[in-house]
Amino acid sequence: MKLEELTLRLKNKELPIDWPGHWLGGTWRPAERGELRSSMNPSRNSLLMSFKESKDVVEQAINLAEEHQNEVAALSKSERIDIITRLAQAFADCQEPLIQAMQLETGKPAWEARADMEAALRHLNWVANHEDEIYESILAPAKIGAPRGEFSLAPVGITAGFLPFSTPVTSFVFYFTATALTGCSLILVSSTHASLSCLLFALIADKLDLPKGILNIVFGSYLSFKQTFSNKRIAGVLYTGSYEHCEEIKKSAAIKTGRQLVMQSGGKNAVLVHSSADLNTAVRNIIYGVVKSSGQLCSSTSRVFVYRGIAKEFISLLSDSMDKIKIGATDDFEDKTGPLMGPLYSKKAVDRFLRFQTMAHRAAKKTILWGKSLELDEGGSFVSPGIHLMEHYDSSNAYQENVIFCPDLSIYEYDVLDEAITDINDTKSSLALSFIGERHIIDEKRHQVNAPNILVNLPTVEVESTLPLAGRFSTGISRFHGPAMALYLCLPQIVQDDDVSRAIVNDWPYF
């Protein structure tokens, strides 16, 4: 299959797509054995592509990455930047099929898929045009106190990355730019719900004739990824997903001395609506944070703390606005805006959402909107958002503490700002806080906030698909995103050959 063929088939919705195999070492390799997996359209629960998930393929991928790791590591800085530059142009040329794949497979509305695509292109172009700044920034800590010598970066080695369905294009761009910048071979394992995106990445790589081994794509699921990171030859792990999986990956690090883990899990993200807030601004940002990716982002909004004096008016405005949002299928390519919110990723996710709605109702002072399963004509995995007014925040309550990963919102009234911040901090999943109100107020209080990402009069999900910093505690331990991800995939090296050191040695009086 060629890129042009897949582009045409996506445009015409000639589905399901024929799967050409796994992309390993620069060639297509079909799986002789393995379990049949399916990628589904969550808007209609219809088949998009089937493929074989195979343990043998994972072993092949690791072997090929190891075989070519030295060649990838030997690429010069200019060669690495050239690869990223060519990828940026290829992604710009391939925008429409990449957007359509997200609409079909991840349930992203057109407005969101386009925003994610634009964010990915901004990232690629920034990296391609800031070579010196990036490498100097990565090496800066190593150079402190070492004025002499020639510094360079040595890659940690073969890196495994898991591609989440929620942000497939931007996650790939972040992963690949980091590994390419540092000279690490990347083994990318797809989520079942990000397979179409992975197929496009592989076809783009094929067309670009990238160096062998720099990118290897395994079509599979978390099971394939687990098999990958369980191999002691894996030196770096890039993962976005559940807290339970992050804990499992942490335990696996014992098999490899110095293994680098760059992980992001979901946050219990809050919006703080201050007495100085404009309520229309508050409602707009909260709805944006709740409905983007149907609440299935690590940065999705799940809690609101509102000043009691404005709570009644705020809740009325929020519930009326939330009740009117358009929910529907995201696979109409002619509709350039689409619904405001699409489906959850599967029927399994709908069932989980409904269980949490029952738990929320039991814990709530009042259920304002009860989230429900929607029976739309398309037959997909649709729900309506839930809103629940709580008496107080209780981190011991399963509903109030768990990262639910769906369009659900709990509201808390507060009287004293410091007490609201204390409750916001009372979670092991601290990632983002959105402050709605006058900027100087949060500037004075920011030292009290645990969340590393503080957004002023913006939604917790911001407008980019990934926040600058990973979270604290269970959400990522303050890891960096963007080009700074490369910090974890390389080790500084220095070659010293300077006259000052040589003169000191030559003047040594013992000879």
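Up top is the structure.
## Here we look at the packing of helix 4 (residues 95-105) against helix 8 (residues 195-208)
At a minimum axis distance of 8 Å, the contact between helix 4 and helix 8 shows a crossing angle of 160°. Between helix 4 and helix 8, the interaxial angle falls into the category roughly antiparallel. Pair helix 4 / helix 8 crosses with right-handed handedness. Taking contact as the criterion, the partners of Pro97, Leu98, Ala101, Leu104 and Glu105 in helix 4 are, on helix 8, Ser195, Leu196, Ser197, Leu200 and Phe201. Partitioned by chemical class, the residues of the contact of helix 4 with helix 8 number seven nonpolar, two polar and one charged.

## Details of the side chain of Thr427
You can see Thr427 is positioned in the loop between helix 15 (417-425) and strand 18 (429-430). Not counting the four nearest positions on each side in its chain, Thr427 is found in contact with Lys268, Arg303, Tyr393, Glu401 and Phe473.

## So, the sheet that holds strand 11 (residues 269-273)
Strands in a sheet are paired, the pairing made by backbone hydrogen bonds, and the direction either parallel or antiparallel. Spatially, seven strands are ordered 13-16-17-12-11-19-20 in an open sheet, and the strand pairing comes out mixed. Looking at strand neighbours, the two that pair on one side only are strand 13 (366-369) and strand 20 (453-456), the edges of this open sheet. The mean angle between the axes of side-by-side strands here comes to 20°, regardless of whether they run parallel or antiparallel. One ladder, built from four bridges, connects strand 11 with strand 19 (residues 432-436); its direction is parallel.

## Some remarks on the packing of helix 2 (residues 55-73) against helix 9 (residues 222-229)
It is at 10 Å that the axes of helix 2 and helix 9 come closest, and there the two elements cross at 45°. As far as their axial angle goes, helix 9 and helix 2 are oblique. Seen along the crossing, helix 2 lies across helix 9 with a hand that is right-handed. Of the residues in helix 9, those touching helix 2 at Lys55, Val58, Glu59 and Ile62 are Ser224, Gln227 and Thr228. Considered class by class, the residues forming the contact of helix 2 with helix 9 number two nonpolar, three polar and two charged.

Reading the values: rules and limits
Residues numbered from 1 in each chain as written. Predicted model: local features only at pLDDT ≥ 70, side-chain atom pairs only at ≥ 80, totals over all residues. Heavy atoms only, no water. Axes fitted to C-alpha atoms, helices over the stretch in contact; angles between N-to-C directions. Helix = DSSP H or I, 4+ residues; strand = E, 2+ residues; numbered from the N terminus. Parallel < 35°, antiparallel > 145°, perpendicular 65-115°, else oblique. Left-handed = near helix turned anticlockwise from the far one by under 90°. Contact = heavy atoms within 4.5 Å. Nonpolar A, V, L, I, M, F, W, Y, C, P; charged D, E, K, R; others polar. Pairing = 2+ DSSP bridges.

Geometric values such as these leave the question of function open.
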